[in-house]
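Okay, here's what each chain looks like letter by letter:
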Amino acid sequence: MLKDGTYAAWYQTPLDQGTGIVHVADGQIWGRDSLMTYHGSCQVDGDRFTATVSTKRHTDGRVTVFGVEDELTLIIEGNCPGKIATYVATAQQVPGMVLQGTLILTEQQSPVLERPEPRPAFNPDKLPKLPRRSR
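Since the structure is predicted, the reported quantities are computational estimates derived from the model, not experimental observations.

**Quick look at the nonpolar core**
Within the largest apolar cluster, 29 residues are counted, with the highest numbers of intra-cluster contacts made by Leu2, Val22, Phe66, Ile76 and Leu103. It is strand E8 (residues 94-106) that contributes the most residues to this core, five residues altogether. Once you skip the residues sitting within four places of it in the chain, Leu103 turns out to touch Leu2, Tyr7, Ala8, Ala9, Val22, Lys83, Ile84, Ala85 and Tyr87.

**As for the pairing of strand E6 (residues 73-79)**
Bridge analysis of strand E5 (residues 48-57) against E6 gives seven bridges, and the strand direction is antiparallel. Across the sheet, Thr50 pairs through a bridge with Glu77, a residue of E6. Pairing of E6 with strand E7 (residues 84-91) involves six bridges; the strand directions are antiparallel. Across the sheet, residue Ile75 finds its bridge partner in E7, namely Thr90. Counted along the chain from E6 to the antiparallel partner E7, the turn is four residues long.

**Observations regarding the pairing of E8**
Looking at chain direction, strand E1 (residues 5-12) and E8 are connected through seven bridges and run antiparallel. Opposite Ala9, over in E8, you have Leu103 as the bridge partner. One ladder, built from eight bridges, connects E7 with E8; its direction is antiparallel. Residue pairing for E8: Thr90 is matched across the bridge by Val98. The turn joining E7 and E8, which pair antiparallel and follow one another in sequence, is formed by two residues.

**Re the sheet that holds strand E2 (residues 17-25)**
The sheet built from eight strands closes into a barrel, its strands ordered E1-E2-E3-E4-E5-E6-E7-E8 with antiparallel pairing. On average, adjacent strands in this sheet sit at an angle of 30° to one another, irrespective of strand direction. Relative to E5, strand E4 (residues 36-45) is paired through 10 bridges, and the arrangement is antiparallel. When the sheet's bridge partners are listed, Ser41 is paired in E5 with Thr52.

Conventions and cut-offs
Residues numbered from 1 in each chain as written. Predicted model: local features only at pLDDT ≥ 70, side-chain atom pairs only at ≥ 80, totals over all residues. Heavy atoms only, no water. Core = buried A, V, L, I, M, F, W, Y, C linked by side-chain atoms within 4.5 Å. Buried < 20%, exposed > 50% of the residue type's maximum accessible area, 1.4 Å probe, protein only. Helix = DSSP H or I, 4+ residues; strand = E, 2+ residues; numbered from the N terminus. Contact = heavy atoms within 4.5 Å. Pairing = 2+ DSSP bridges. Axes fitted to C-alpha atoms, helices over the stretch in contact; angles between N-to-C directions.

Here it is as structure tokens:
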């Protein structure tokens, strides 16, 4: 099941590949990579999920993994039986091109609280003494 949370994303098309960060919460999906931001809605049905995501370029430079368009509408279908989801996506603006991807749920580790050892009180008389120098 695609759970609410933050995911590391990896994706590829026949032209290129990329990585990004994706957030899922309350039926919404959004994120970013080095070139694009994306946002949309998602529906979860057991281990299967679907999403419609719009992309928008935030940085000029190299072409996107689709090679032609900056603003795309992606139709995503995926499967998430555990903490790793796999999916395929198509862009309405680039017929015939398929993007394959993986989402990996990131889990925040709880900090381990260690019981601090008591520190001895500072006593300057216990500092090492420098040797006396003759003048």
